[in-house]
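# Examination of the molecular architecture
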Amino acid sequence: MARKMLVDEEMNQTNQEEAHYDFDLFVIGAGSGGVRAARFSANYGAKVGICELPFHPISSEVIGGVGGTCVIRGCVPKKILVYGAAFGSELEDARNYGWELNEKLAFNWKKLLHKKTDEIIRLNGIYKRLLSNAGVKLFEGEGKIVGPNEVEVTQLDGTKLSYSAKHILIATGSRAHRPPIPGQELGITSDEALSLEDLPKHAVVLGGGYIAVEFASIWRGLGANVDLFFRKELPLRGFDDEMRAVVARNLERRGINLHPQTNLTELIKTDNGIKVTTDHGEELIADVVLFATGRLPNSKRLNLEAVGVELDNTGAVKVDEYSRTSIPSVWAVGDVTNRMNLTPVALMEGTCFAKTVFGKEPSKPDYSHVPCAVFSIPPLSVVGLSEEQAIEQANGDVLVFTSTFNPMKNTVSGRQEKTVMKLVVDAETDKVLGASMCGPDAPEIMQGIAVALKCGATKAQFDSTVGIHPSAAEEFVTMRSVSRRITCRGKPKTNL
Amino acid sequence: MATTSFTAPKLSSPTFQTLCRNFPLSLPIPKTLSSFSFHLSPFLSRFHLHHHHYHPPRFHPRRLFAVRAESENGAEPIRHYDFDLFTIGAGSGGVRASRFAANFGASVAVCELPFSTISSETTGGVGGTCVLRGCVPKKLMVYASKYSHEFDESNGFGWKYDTEPKHDWSTLMANKNAELQRLTGIYKNILNKAGVTLIEGRGKIVDPHTVDVDGKLYTASNILISVGGRPFIPDIPGREYAIDSDAALDLPSKPEKVAIVGGGYIALEFAGIFNGLTSEVHVFIRQKRVLRGFDEEIRDFVGEQMALRGIQFHTEESPQAIVKSADGSLSLKTNKGTIEGFSHIMFATGRRPNTKNLGLESVGVKINKNGAIEVDEYSRTTVPSIWAVGDVTDRINLTPVALMEGAALAKTLFQNEPTKPDYRAVPSAVFSQPPIGQVGLTEEQAIKEYGDIDVYTANFRPLKATLSGLPDRVFMKLIVCAKTNKVIGLHMCGEDSAEIAQGFAVAVKAGLTKADFDATVGIHPTSAEEFVTMRSPTRKIRQSSESQGNMGHEAKTAAGV
């Protein structure tokens, strides 16, 4: 390999030093972005090393695991718990369909937790195999950047390994953070929430983002009392306001106590549980308090400042459009860059990185029309612009099409919960700028819609598509009448 | 559609919500013409009488003008008609055409047989097959039957049942029928609100402009036939003991052991329904595989998955006779032997257009050999003033297609905008368990039409199944034209397939390429994201021998599955 590299390098560049690198690429962090970048780079012929902290469901400075947040402490275990929790209401709905069930259904939290852990251990193994099959060398330990082309891995036994690499990729992700309030050590983050010994009886969730909403749904679905506190009037800041109201209403209807515009000020341990005090002076007793108040990039212990890799004020690694940091040989992808913190985006960034650096094809990740989902119960999924964003960005009028309906399943089950769908359209070009849905199967439904939006589909093209009957999704192609037309402020409509 | 405001949810009545659900196309509540003008612009004068290069049937508001009947021969005596449009049959296509025509300003009547869950020469009901004997009750039964699988799944997620859940058949039937009654009422309301005159009775065509409903004559400038289809049971000894899908949707008690004859979508859907509701299910199919006409790999996959859930398939086995035993049980005699002990034998052996006793032959409306009414691209029959939409024309027998045909006809007739229904890339679903969703061409059709194609497949165990421990899998397939990179076919079998396929249908209909799919970021973790993350073709099929020998390096398996 060394000889081959020498030859390659001689052909490309004359810098003799390049020949001595141990690796073409060394990746710090084997989560979604890091594994993708490592594998694809190896497939392009690069010699790749990757380091990752030892496996554990709960992360810390020194614990992680191949697979990263998504597989071990995020998307996958979360979705498993959502599946488990969704059965609660599903089974209730069975009664009106003629099924005779016990008054109270038994649920075994430990069994679900155990099976969840088995599954993430299995996936952790699959990820390791993916790396070894691609020829990527995996090191277990904490990675640190020592120089622009030098990394150091501290292994479990304390021994340090040092490697040189032509390129270094930082893909260390992020971790949940706790608000600085008295008693914060009594609370937990999403890491612990995915591995609780017992199902909470009364949970308090602080935060209005998707993580807060998802855990509130999980615990409520499994029978816990849940109080959800958030700063704004509605949860899910950044999403379409109308859809935020839909989610809030659904959560409330399913029995979650919403406390908008309320913050927690103190946690105190008592004999009955954790006493939670709010800035409105309320007091509650809970057995679990979850902080879902945001995540911070894992950039602290990487020695970045010393080598000159710049961070922004949130601690995220600053990168250019190709994911290159302020040091040309050091790159970064995924949550540590705090661009759009989603697994598929980290995958896209990792793929583009490998193409750019080893595929001789400079590629920028494209952040337009990235769809996403909130796995609340029922879920929300969106792609493109919210109504508010569309109004802000549009040159002309914006047309809004909405549909609020009782899903067919509810007609017999009697469940009182509407599904809401929305399309936001540019009046002038007829392009669909945004789509949202809150209701069963929304994330599955939205994926195909995302393909259409990504490619600039018009409302006329939606309309010309025949529906699949009876489905919820068909509503997206049968919204014929506009709900409202918004004339954008300050922009001339006519040339009078 | 009127805005259903979220800030004031209590203002929208449940009925109204369901209207939104079931009649997404322009509720009749804002009945002004302007509510249509946005999409159907430029909105032409509804009294537009000018000639067009295509001879649109002219709309003449009877109250304002004495009009000339449309005729190939030119001059006919001036006539006054009772209605601008008389529709026979108030199912999906008929209601859609009637409502839209009325909204465009036409005076419209529609006749329909009295309501019954079982259709016959004398019974039907407003709403038609879809609402009363098809899509809706079928899907409700699918929901009910899916629970047994969900109980099994939930075990893997920590849920426990002290006693095995039992199903009470009569509760389901009562709740289902209450819903159907509600829907037929809503349909009547919708017609009423659109200003369409509803006449209960059997319509029969007397002459090109006259319909007889139980002895009363109505004249109309145009007549629309939208009488749908009905299940067909072949003439074998003992056929009187067999039931069809109408009856199967409304059985008084649970069938203990049921034979289903047929391999089409109706057979598979009912097999799933009865299996889920804990009947013993045997499916008899003439061919080796189910779902003739579907993609071959989907046919294999769905058959395997259904068998795993306990359905017994009897392939290449055709029914010859049904015998009733002394104990009341039924035996099915086939070319391979006799199977005994059935409580019910259901035939899902096709449907036939309801074209008998409509007076069609006497006025000269041509019928093809299957009994379907022959129509041109505008849904016009061989008699210029008579039109037909929906299953009675046996084009693509799906509710949304009948809706499209009905809407196109209303535009053609009453908006001076000749409109052909567009049958390209019509998506469809089979609500088997697991369900199928698809749009575009099958692999076999694609090879025939395009020659060189790339096929991408994924066959995986979904996240839910890894926890439940059940053998459920998902199969997905993309078919791409090698020359243009366009996605020309998309198929899926597995949970949520029907919902997933809809959005992709927009993309396929819009002619998007594989590169467009690849450029789309996935939604994680979903099943659907697999459709935008298929990187390597499973096989490349090339017509020329040269490229056949030059298979892509990425191909996982050889062609010829």
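Residues numbered from 1 in each chain as written. Chains lettered and ligands numbered in written order. Predicted model: local features only at pLDDT ≥ 70, side-chain atom pairs only at ≥ 80, totals over all residues. Heavy atoms only, no water.

Under an unreviewed UniProt entry, chain A has the name Glutathione reductase and belongs to Gossypium arboreum. Note on chain A: under the UniProt heading Catalytic activity (unreviewed entry), the record states "2 glutathione + NADP(+) = glutathione disulfide + NADPH + H(+)". (UniProt positions renumbered as here; feature names shortened; annotations may be inferred.)

## Considering the overall build of chain A
Scanning chain A for helices and strands turns up 14 helices and 24 strands. Over its C-alpha atoms chain A spans a radius of gyration of 25 Å, differing by no more than 12% from the 23 Å that the globule rule assigns to 496 residues. With respect to the principal axes defined by its C-alpha atoms, chain A has extents near 75 × 70 × 45 Å. Counting over 496 residues, chain A shows a buried share of 59%. Put simply, of all contacts in chain A between residues at least 6 apart along the chain, 62% involve residues at least 24 apart. (Helix = DSSP H or I, 4+ residues; strand = E, 2+ residues; numbered from the N terminus. Rg over C-alpha atoms; globule rule 2.2 N^0.38 Å. Buried < 20%, exposed > 50% of the residue type's maximum accessible area, 1.4 Å probe, protein only. Contact = heavy atoms within 4.5 Å.)

## Some thoughts on the nonpolar core
Residues W219 and F476 of chain A together with I260 and F274 of chain B are the most contacted members of the largest nonpolar core, which totals 198 residues. Residue contributions to this core peak at 10 residues, all from helix α4 (residues 75-94) of chain A. In contact with F476 of chain A, other than residues within four places in its own chain, are M421, K422, L423, A435, S436, M437, I445, M446, I449 and F462 of chain A. (Core = buried A, V, L, I, M, F, W, Y, C linked by side-chain atoms within 4.5 Å.)

## So, the pattern of salt bridges
Taken as a whole and assessed by the stated rule, the structure comprises 47 salt bridges over all chains. With its nearest N and O atoms 2.8 Å apart, the salt bridge here joins R484 of chain A to E387 of chain A. Here R484 of chain A is found in strand β24 (residues 484-486), whereas its partner E387 of chain A is found in helix α11 (residues 387-393), with 97 residues between them in sequence. For E387 of chain A, a relative accessible area of 8% corresponds to the buried category. The residue R299 of chain B makes a salt bridge to E296 of chain B at a minimum N-O spacing of 3.1 Å. Here E296 of chain B and R299 of chain B lie together in helix α9 (residues 296-308), a separation of 3 residues that amounts to about one turn. Since its relative accessible area comes to 6%, R299 of chain B is described here as buried. Taken together, the shared-partner salt bridges in this structure form one network comprising D240, E242, E387, K422 and R484 of chain A. (Salt bridge = Lys/Arg side-chain N within 4 Å of Asp/Glu carboxyl O.)

## Observations regarding the UniProt feature "domain: FAD/NAD(P)-binding" (unreviewed entry) in chain A
Feature annotation in UniProt assigns "domain: FAD/NAD(P)-binding" (unreviewed entry) to the following positions: residues 23-350 of chain A. In residues 23-350 of chain A, helix accounts for 32% and strand for 26%; the two terminal C-alpha atoms are 18 Å from one another.

## As for the packing of aromatic side chains
In total, this model carries 27 aromatic pairs over all chains according to the counting rule given. Aromatic side chains W331 of chain A and F353 of chain A sit 5.4 Å apart centroid to centroid with 70 degrees between the ring planes, which places their arrangement in the edge-to-face category. Here W331 of chain A is found in strand β18 (residues 330-332), whereas its partner F353 of chain A is found in helix α10 (residues 343-358), with 22 residues between them in sequence. Taking relative accessible area as the criterion, W331 of chain A reaches 3% and is therefore assigned buried. A residue is classified by how much of its surface remains accessible, and F353 of chain A, at 0% relative accessible area, is buried. Arranged with centres 6.0 Å apart and planes meeting at 40 degrees, the rings of F270 of chain B and F274 of chain B form a pair that is tilted. Linking F270 of chain B with F274 of chain B, this pair stays in helix α8 (residues 265-276), spanning 4 residues, or about one helical turn. Residue classification places F274 of chain B among the buried positions, given a relative accessible area of 0%. Within the aromatic cluster, the residues linked to one another by ring pairs are Y97 and W99 of chain A together with Y143, Y147, F151 and Y161 of chain B. Its end group placed over the ring of F401 of chain A, K459 of chain A keeps NZ or CZ at 4.2 Å from the ring centre. The cationic tip of R352 of chain B hangs over the ring face of F232 of chain B; the distance from NZ or CZ to the ring centre is 3.8 Å. (Phe/Tyr/Trp six-rings, centres within 6.5 Å; stacked < 30°, edge-to-face > 60°. Lys NZ or Arg CZ within 6 Å of the ring centre and 35° of its normal.)

## Points about the interface of chain A and chain B
At the junction of the two partners, chain A supplies 100 residues and chain B supplies 91 residues. In this assembly, chain A packs against chain B so that about 8,500 Å² is buried in total across both faces, 65% of it on carbon and sulfur atoms. Considering only the surface of chain A that becomes buried against chain B, W99, E444 and I468 of chain A emerge as the three largest contributors, covering 10% of it. Summed over the shared surface of chain A and chain B, the result is 0 salt bridges. (Buried area = accessible area lost by both parts, 1.4 Å probe.)

## A look at the side chain of S174 of chain A
Residues and elements named next belong to chain A. Looking at the secondary structure, you find S174 in strand β9 (residues 174-176). A distance of 3.3 Å separates polar atoms of two side chains, one belonging to S174 and the other to D335. With sequence-adjacent residues up to four places away left out, S174 is seen in contact with T69, R295, L296, P297, N298 and D335. (Polar contact = N/O pair within 3.5 Å; in protein donor to acceptor, adjacent residues only side chain to side chain.)

## A closer look at the UniProt feature "domain: Pyridine nucleotide-disulphide oxidoreductase dimerisation" (unreviewed entry) in chain A
Mapped onto this numbering, the UniProt entry annotates "domain: Pyridine nucleotide-disulphide oxidoreductase dimerisation" (unreviewed entry) at residues 370-479 of chain A. Annotated as residues 370-479 of chain A, this span is 28% helix and 28% strand, and its ends, taken at the C-alpha atoms, are 23 Å apart.

## Observations concerning the packing of helix α2 (residues 32-43) of chain A against α10 of chain A
A packed helix pair is summarised by two numbers, namely the angle formed by the two axes and the spacing between the axes. Residue and element names in this part refer to chain A. Axis separation between α2 and α10 bottoms out at 8 Å; the angle between their running directions is 30 degrees. Here α10 runs roughly parallel to α2, going by the angle between their axes. Pair α2 / α10 crosses with right-handed handedness. Contact residues: α2 offers S32, G33, R36, A37, F40 and S41, while α10 offers T343, A346, L347, G350, T351, F353, A354 and F358. (Axes fitted to C-alpha atoms, helices over the stretch in contact; angles between N-to-C directions. Parallel < 35°, antiparallel > 145°, perpendicular 65-115°, else oblique. Left-handed = near helix turned anticlockwise from the far one by under 90°.)

## A closer look at the environment of V126 of chain B
Residue and element names in this part refer to chain B. Relative to the helices and strands, V126 resides in the loop between β2 (108-112) and α4 (128-133). Among the residues examined, V126 registers a relative accessible area of 4% and is labelled buried. Separated by 64 residues in the primary sequence, V126 and I190 place their C-alpha atoms 11 Å from one another. With residues near it in sequence (within four places) discarded, V126 still touches A90, E112, L132, T184, Y187, K188, L191 and L198.

## What to know about the sheet that holds strand β14 (residues 330-334) of chain B
All names here are of chain B. Reading across the sheet, the 3 strands line up as β13-β14-β15 and stay open at both edges, with antiparallel pairing between neighbours. Every other strand in the sheet has two partners, leaving β13 (319-324) and β15 (337-342) as the edge strands with one partner each. Each neighbouring strand pair of the sheet contributes to a mean axis angle of 20 degrees, computed without reference to strand direction. As judged from the 5 bridges shared by β13 and β14, these two strands associate in the antiparallel manner. What sits directly across from A321, in β14, is K333. (Pairing = 2+ DSSP bridges.)

## Focus on the confidence of the model for chain A
Residues and elements named next belong to chain A. Averaged over every residue, the pLDDT of chain A is 93; the share at 70 or more is 95%. Ignoring residues within four places in sequence, the model shows residues 1-18, a span with pLDDT below 50, making 14 contacts including any to other chains. A low-confidence stretch, residues 492-496 (pLDDT under 50), is modelled with 4 contacts involving residues beyond four sequence positions or located in other chains. (pLDDT = per-residue confidence, 0-100.)

## Looking at the sheet that holds strand β19 (residues 428-430) of chain B
Residue and element names in this part refer to chain B. Within the open sheet, the 6 strands sit side by side as β19-β20-β23-β22-β21-β24. Their pairing is antiparallel. In the strand order of this sheet, the two ends are held by β19 and β24 (539-541), each with one partner. Taking each pair of neighbouring strands and ignoring which way they run, the sheet shows an average axis angle of 15 degrees. Where strand β21 (residues 453-460) meets β24, 3 bridges bridge the pair, whose relative direction is antiparallel. Considered in β24, the bridge of D454 is made with K540. Relative to strand β20 (residues 436-440), helix α14 (residues 497-509) is tilted by about 10 degrees, and along the sheet it contacts β19, β20 and β23 (487-493).

## Brief notes about helix α7 (residues 210-221) of chain A
Residues and elements named next belong to chain A. Under the 1.5 Å per step criterion, the end-to-end length of α7 is 16 Å for 12 residues, consistent within 8% with the ideal 16 Å. A large share of α7 lies buried, amounting to 9 of its 12 residues. Taken together, the buried positions of α7 are occupied by I211, A212, V213, E214, F215, A216, S217, I218 and W219. Two residues or fewer past α7, G223 is found with a positive phi of approximately 105 degrees. (Expected span 1.5 Å × (residues − 1).)

## Some thoughts on the pairing of strand β14 (residues 273-278) of chain A
All names here are of chain A. A large share of β14 lies buried, amounting to 5 of its 6 residues. Pairing between strand β13 (residues 264-270) and β14: 6 bridges, direction antiparallel. By the bridge assignment for β14, K269 is matched with I274. Between β13 and the antiparallel strand that follows it, β14, lie 2 residues. Following β14, the chain reverses through 4 residues before pairing antiparallel with strand β15 (residues 283-286); G281 in that reversal takes a positive phi of roughly 85 degrees.

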